[in-house]
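Chain residues, written in single-letter form:
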Amino acid sequence: MTARLRRAYRRMRLGTRLALGLGALSLVVFAVVGTALTTYMRDYLSAQLDTQLAQAQIAQSKSIADYGTLSGKKYYSWFYAVYDVSDGRPELRRPEDPVDLPEDVDDFTALASAQTAAHTELLRTEHLKGAGTYRLRACEVEDGVVLVSAAPMAEIQDTVGQLITIQVVTFALALLALVVFGRRMLRRGLKPLSDMASTAHGIASHDLTESAARLPLRADGRDGGPEVDELRTAFNTMLEHIDDSLAVRAEAEQRLRRFVADASHELRTPLMSVRGYADLFQYAAANAPAERDRHLARLRAEAARMGVLLDDLLLLARLDAAEVDTPLRLEDADLTDLVGQAAEAFRAGRPDHPLTVSAGRGPVRLRMDPLRIRQVLDNLLTNAAVHTPAGTRVSVEVRPVPGAAEVRVADTGPGIPPEDRDRVFDRFYRVDKARSRDRGGSGLGLAVARSLVRAHGGRIEVTSEPGATVFTVRLPVREAAPVAP
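Residues numbered from 1 in each chain as written. Predicted model: local features only at pLDDT ≥ 70, side-chain atom pairs only at ≥ 80, totals over all residues. Heavy atoms only, no water.

**Examining the overall build of the chain**
Working step 1: Counting secondary structure elements, the chain contains eleven helices and twelve strands.
Working step 2: For the chain, the residues scored as buried account for 34% of the 485 residues in total.
Working step 3: Pairs at least 24 apart in sequence give 63% of the contacts found in the chain among residues at least 6 apart. (Helix = DSSP H or I, 4+ residues; strand = E, 2+ residues; numbered from the N terminus. Buried < 20%, exposed > 50% of the residue type's maximum accessible area, 1.4 Å probe, protein only. Contact = heavy atoms within 4.5 Å.)

**Digging into the packing of helix α9 (residues 370-386) against helix α11 (residues 445-455)**
The relative placement of two packed helices comes down to the angle between their axes together with the axis-to-axis distance.
Working step 1: In contact at an axis separation of 9 Å, α9 and α11 are set at 145° when each is read in the N-to-C sense. Crossing angle aside, the handedness with which α9 passes α11 is left-handed. Residue-level inspection shows R372, Q375, V376, N379, L380 and N383 of α9 in contact with α11, the latter providing G445, L446, V448, A449, L452 and V453.
Working step 2: Its residues placed into classes, the contact of α9 with α11 shows seven nonpolar, four polar and one charged. (Axes fitted to C-alpha atoms, helices over the stretch in contact; angles between N-to-C directions. Left-handed = near helix turned anticlockwise from the far one by under 90°. Nonpolar A, V, L, I, M, F, W, Y, C, P; charged D, E, K, R; others polar.)

**Quick look at the sheet that holds strand β12 (residues 468-476)**
Working step 1: Across the sheet, five strands lie side by side as β7-β9-β10-β12-β11; this open sheet has mixed pairing. Every interior strand has two partners, whereas the edge strands, β7 (355-358) and β11 (459-465), have only one. Put simply, the sheet's adjacent strands are angled 15° from each other on average, direction ignored.
Working step 2: Note that strand β10 (residues 404-411) and β12 share eight bridges and pair antiparallel. Across the sheet, the residue bridging to A410 is V470, located in β12.
Working step 3: Across the sheet, helix α8 (residues 335-349) touches β7, β9 (394-401), β10 and β12, and the angle it forms with β7 is around 170°.
Working step 4: Packing against the sheet, α9 makes contact with β7, β9, β10, β11 and β12, and its axis sits at approximately 175° to β12. (Pairing = 2+ DSSP bridges.)

**As for a positive patch on the surface**
Working step 1: A surface patch of like charges, here positive, comprises R4, R6, R7, R10 and R11.
Working step 2: Position of R11 among the secondary structure elements: in helix α1 (residues 2-11). (Patch = residues over 30% accessible without salt bridge, like charges linked within 9 Å, V, L, I, M, F, W, Y side chains within 5 Å. Areas by Shrake-Rupley, 256 points an atom, 1.4 Å probe, with all protein chains shown as cover. Salt bridge = Lys/Arg side-chain N within 4 Å of Asp/Glu carboxyl O. Lys, Arg positive; Asp, Glu negative; His and termini not counted. Charge placed at Lys NZ, Arg CZ, Asp CG, Glu CD.)

**Remarks on the confidence of the model for the chain**
Working step 1: Model confidence for the chain is summarised by a mean pLDDT of 80, while 80% of its residues fall at 70 or above.
Working step 2: Every residue in residues 434-440 is under pLDDT 50, and counting partners more than four places away or in other chains gives 15 contacts. (pLDDT = per-residue confidence, 0-100.)

**A short note on the environment of A19**
Working step 1: Relative to the elements of secondary structure, A19 occurs in helix α2 (residues 14-67).
Working step 2: A relative accessible area of 4% means that A19 is categorised as buried.
Working step 3: Ignoring any residue separated from it by four or fewer positions in sequence, one finds A19 in contact with V179, R183 and L186.

**Observations concerning the side chain of S46**
Working step 1: With respect to the secondary-structure elements, S46 resides in helix α2.
Working step 2: Exposure remark for S46: the relative accessible area of 17% places this residue in the buried category.
Working step 3: In this view, S46 contacts M153 and I156; residues no more than four positions away in its chain are not counted.

Here's what the structure looks like:
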């Protein structure tokens, strides 16, 4: 039974549970207040009756001492008993009126005997046979004479009973009103929470598997007080974070699809070439031996191009997982020397693009991977050459800045369109939408350059306008490794 009640209680709504809890607490408070009030009223009326008994006995004692009777000093429904005490034993006098004594006077006699031994007034509450509950008081009238008076407590009991009835009815109505109206007020106060629960249910029913899934629902309203306002703000902030995470996930999925499509395209082209030249090589081996070496050379060239693409993809994958496998071999090197080497290689391979180098007066030593930084410089210079017409001037500048060193690779070409500027570092992205092999390569050069710079703790930026495109590489200055003695 208890377990069933617990399960039923758990299934109740929060407003109902709070209202019941408030009602139970109020019931305890009402019980304590009612008990205290009833006890106080009963004690007060008893004290009043004790005072009335004492005052009545003063007058009655004087009448007994002066006249030997209680004539004219009696109260309706009271009992009186006068005892003569001899040798400590009380003897009941004959009553003036038979109705002055109850059917059983044992309680009176016992109280008179106790008063004789105590030599002071005594009070007791006794249930008299055939009469009800009475308040008894014994006092000494004079030496050897004890008066015992008994006043009925029926009126006190009736008054206390009526007070209890009034309290029970009043408290029951107050409790009912408290539960009913309290539940309504609680439901109204908890409505913002219900609205948030409805919002959560709406989000739960929303399809989050779509690639462009967004959360159109938010917890609105301004009711509920500061606490609910804080909860609503936190709830909406959480939804914003979830929404942003879904947007990032959708963008990542789109980028992954684009990456897979571009990688498939980039790998398919050399594979098709390899297959075609393999067929030609087989044909030439059988029919035209003189053409065999030329077809074999083309096979090697396509395989080498595919190897470069796979190397770039592998490098990007290792940089993405740098926490597990860091593809950098750091050492102290001179950035100015690396720029000079890259410039010489560029002049040898791109004589149609005049190159200017500004490297300052002294070396710029950094803690870096020289091979990877050289790869970054080569990619930036190659990018400046393949995307500008012949005769375009290219410049490289090395300069130290506070806490870092900068390399600026600039050209005077046509520039990068604004709509493409933010995506030039994306993998397989080309400003030239035509996937020609002589303009733009595989589209991984700038992506590799950015990943390598980030792996060194630096950053790479681009600014471009017609006639001036500048790639800026900033590498932090790290403490040199200690030299072994």
